[in-house]
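Below, each chain spelled out in residue letters.
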Amino acid sequence: MYFDFENTLHLHHKKQNMNLHVVALFKLNENYLMDAVELFQTLVRETRKEEGCLQYDLVEDKDNKGTFLMVELWESEEHLNRHNGQDHLLDFRRDISKMLESSTQVYRGRKIL
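Presented here is an overview of the structure given in this document. Bear in mind that the values here come from a model prediction, so they are computed numbers and not experimental data. (Residues numbered from 1 in each chain as written. Predicted model: local features only at pLDDT ≥ 70, side-chain atom pairs only at ≥ 80, totals over all residues. Heavy atoms only, no water.)

### What to know about the nonpolar core
Item 1. If you look at the biggest cluster of nonpolar residues, it comprises 21 residues, and the most contacted ones within it are Leu28, Phe40, Met70, Phe92 and Ile96.
Item 2. Elements that contribute at least two residues to this core include exactly strand S1 (20-27), helix H2 (33-47), strand S2 (53-60), strand S3 (67-74) and helix H4 (87-96).
Item 3. Sequence-distant contacts of Phe92, defined by excluding residues within four places in its chain, comprise Phe26, Leu39, Phe40 and Leu43. (Core = buried A, V, L, I, M, F, W, Y, C linked by side-chain atoms within 4.5 Å. Buried < 20%, exposed > 50% of the residue type's maximum accessible area, 1.4 Å probe, protein only. Helix = DSSP H or I, 4+ residues; strand = E, 2+ residues; numbered from the N terminus. Contact = heavy atoms within 4.5 Å.)

### Details of the pattern of salt bridges
Item 1. Inspection of the entire model under this criterion finds eight salt bridges.
Item 2. Between Glu46 and Arg45 there is a salt bridge whose closest N-O contact spans 3.5 Å.
Item 3. A salt bridge links Asp91 to Arg94, with the shortest nitrogen-to-oxygen separation between them at 3.3 Å. Taken as a pair, Asp91 and Arg94 lie in helix H4 at a separation of three residues, close to a single helical turn.
Item 4. A single salt-bridge network, built from bridges that share partners, covers Arg45, Glu46 and Lys49. (Salt bridge = Lys/Arg side-chain N within 4 Å of Asp/Glu carboxyl O.)

### Observations concerning the packing of H2 against H4
Item 1. Where H2 meets H4, the axes come as close as 10 Å, and the angle between the chain directions of the two elements is 165°. Taken as axis vectors, H2 and H4 run roughly antiparallel relative to one another. As for how H2 packs across H4, the hand of that crossing is left-handed. The residues of H4 that touch H2, namely those facing Ala36, Leu39, Phe40, Leu43, Glu46 and Thr47, are His88, Leu89, Phe92, Asp95 and Ile96.
Item 2. When the residues that make up the contact of H2 with H4 are grouped by side-chain class, the tally is seven nonpolar, two polar and two charged. (Axes fitted to C-alpha atoms, helices over the stretch in contact; angles between N-to-C directions. Parallel < 35°, antiparallel > 145°, perpendicular 65-115°, else oblique. Left-handed = near helix turned anticlockwise from the far one by under 90°. Nonpolar A, V, L, I, M, F, W, Y, C, P; charged D, E, K, R; others polar.)

### So, the pairing of S2
Item 1. Relative to S3, S2 runs antiparallel, the two being bridged by seven bridges. By the bridge assignment, Cys53 is partnered in S3 with Trp74.
Item 2. The turn joining S2 and S3, which pair antiparallel and follow one another in sequence, is formed by six residues; a positive phi near 90° is taken by Gly66. (Pairing = 2+ DSSP bridges.)

Structural data, given as C-alpha coordinates:
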(Lines give C-alpha, C1' and ligand atoms only; values in the text may rest on other atoms or scores of the structure.)
Protein backbone atom coordinates (compact mmCIF):
# COMPACT_ATOMS: atom_id res chain seq x y z
CA MET A 1 0.00 0.00 0.00
CA TYR A 2 1.27 3.49 -0.78
CA PHE A 3 0.21 7.04 0.03
CA ASP A 4 -1.42 8.70 -2.97
CA PHE A 5 -0.28 12.27 -2.27
CA GLU A 6 -1.65 13.71 -5.51
CA ASN A 7 -5.13 12.24 -5.04
CA THR A 8 -5.19 13.21 -1.35
CA LEU A 9 -4.30 16.81 -2.23
CA HIS A 10 -6.98 16.85 -4.92
CA LEU A 11 -9.62 15.67 -2.44
CA HIS A 12 -8.38 18.16 0.17
CA HIS A 13 -8.69 21.01 -2.34
CA LYS A 14 -12.19 19.97 -3.29
CA LYS A 15 -13.24 20.08 0.37
CA GLN A 16 -11.89 23.55 1.07
CA ASN A 17 -12.55 26.64 -0.97
CA MET A 18 -9.95 27.40 -3.59
CA ASN A 19 -8.47 30.59 -2.18
CA LEU A 20 -5.41 31.93 -3.93
CA HIS A 21 -2.39 33.09 -1.92
CA VAL A 22 -0.05 35.68 -3.42
CA VAL A 23 3.20 37.11 -2.07
CA ALA A 24 4.86 39.97 -3.93
CA LEU A 25 8.44 40.92 -3.04
CA PHE A 26 9.49 44.55 -3.50
CA LYS A 27 13.06 45.82 -3.14
CA LEU A 28 13.03 49.59 -3.03
CA ASN A 29 15.74 52.20 -3.31
CA GLU A 30 16.21 53.59 0.21
CA ASN A 31 16.00 57.17 -1.12
CA TYR A 32 12.33 56.61 -1.98
CA LEU A 33 11.04 54.80 1.12
CA MET A 34 8.75 57.58 2.37
CA ASP A 35 7.22 58.10 -1.08
CA ALA A 36 6.84 54.36 -1.54
CA VAL A 37 5.04 53.93 1.77
CA GLU A 38 2.50 56.57 0.68
CA LEU A 39 1.90 54.64 -2.54
CA PHE A 40 1.53 51.39 -0.60
CA GLN A 41 -0.96 53.01 1.80
CA THR A 42 -3.24 54.03 -1.06
CA LEU A 43 -2.91 50.64 -2.74
CA VAL A 44 -3.72 48.71 0.44
CA ARG A 45 -6.66 50.95 1.35
CA GLU A 46 -8.26 50.66 -2.09
CA THR A 47 -7.52 46.98 -2.60
CA ARG A 48 -9.07 45.96 0.73
CA LYS A 49 -12.37 47.38 -0.58
CA GLU A 50 -12.37 44.99 -3.55
CA GLU A 51 -14.76 42.07 -3.74
CA GLY A 52 -12.90 38.82 -3.12
CA CYS A 53 -9.99 40.38 -1.23
CA LEU A 54 -9.62 38.39 1.99
CA GLN A 55 -6.20 39.73 3.03
CA TYR A 56 -3.90 42.43 1.70
CA ASP A 57 -1.08 43.25 4.11
CA LEU A 58 2.21 45.04 3.64
CA VAL A 59 5.08 43.53 5.64
CA GLU A 60 8.51 45.12 5.98
CA ASP A 61 11.51 42.79 6.19
CA LYS A 62 12.99 43.39 9.64
CA ASP A 63 16.56 42.70 8.51
CA ASN A 64 16.64 44.31 5.06
CA LYS A 65 15.72 47.97 4.83
CA GLY A 66 13.72 48.72 1.72
CA THR A 67 12.45 45.15 1.31
CA PHE A 68 8.69 44.70 1.55
CA LEU A 69 6.28 41.81 1.09
CA MET A 70 2.69 42.23 0.02
CA VAL A 71 0.84 39.25 1.48
CA GLU A 72 -2.45 38.64 -0.30
CA LEU A 73 -5.32 36.19 -0.03
CA TRP A 74 -7.98 36.13 -2.72
CA GLU A 75 -11.27 34.28 -2.81
CA SER A 76 -10.49 33.01 -6.31
CA GLU A 77 -8.32 33.42 -9.39
CA GLU A 78 -11.13 35.47 -10.95
CA HIS A 79 -11.02 37.99 -8.10
CA LEU A 80 -7.25 38.35 -8.48
CA ASN A 81 -7.64 38.81 -12.23
CA ARG A 82 -10.15 41.63 -11.63
CA HIS A 83 -7.76 43.21 -9.12
CA ASN A 84 -4.96 43.17 -11.71
CA GLY A 85 -7.01 45.47 -13.94
CA GLN A 86 -7.99 48.02 -11.27
CA ASP A 87 -6.91 51.62 -11.80
CA HIS A 88 -5.39 51.92 -8.32
CA LEU A 89 -3.11 48.93 -9.00
CA LEU A 90 -2.14 50.15 -12.47
CA ASP A 91 -1.34 53.61 -11.04
CA PHE A 92 0.70 52.00 -8.25
CA ARG A 93 2.71 49.89 -10.69
CA ARG A 94 3.47 52.93 -12.84
CA ASP A 95 4.51 55.11 -9.88
CA ILE A 96 6.49 52.50 -7.91
CA SER A 97 8.53 51.35 -10.92
CA LYS A 98 11.00 54.25 -10.67
CA MET A 99 11.56 53.50 -6.97
CA LEU A 100 12.48 49.83 -7.32
CA GLU A 101 16.03 48.50 -7.07
CA SER A 102 15.00 45.33 -8.90
CA SER A 103 11.96 43.79 -10.54
CA THR A 104 9.10 42.77 -8.28
CA GLN A 105 8.88 39.02 -7.74
CA VAL A 106 5.40 37.51 -7.41
CA TYR A 107 4.61 34.07 -6.04
CA ARG A 108 1.16 32.50 -6.33
CA GLY A 109 -0.12 29.34 -4.76
CA ARG A 110 -2.83 27.38 -3.03
CA LYS A 111 -2.73 26.22 0.56
CA ILE A 112 -2.07 22.50 0.77
CA LEU A 113 -1.79 21.99 4.54
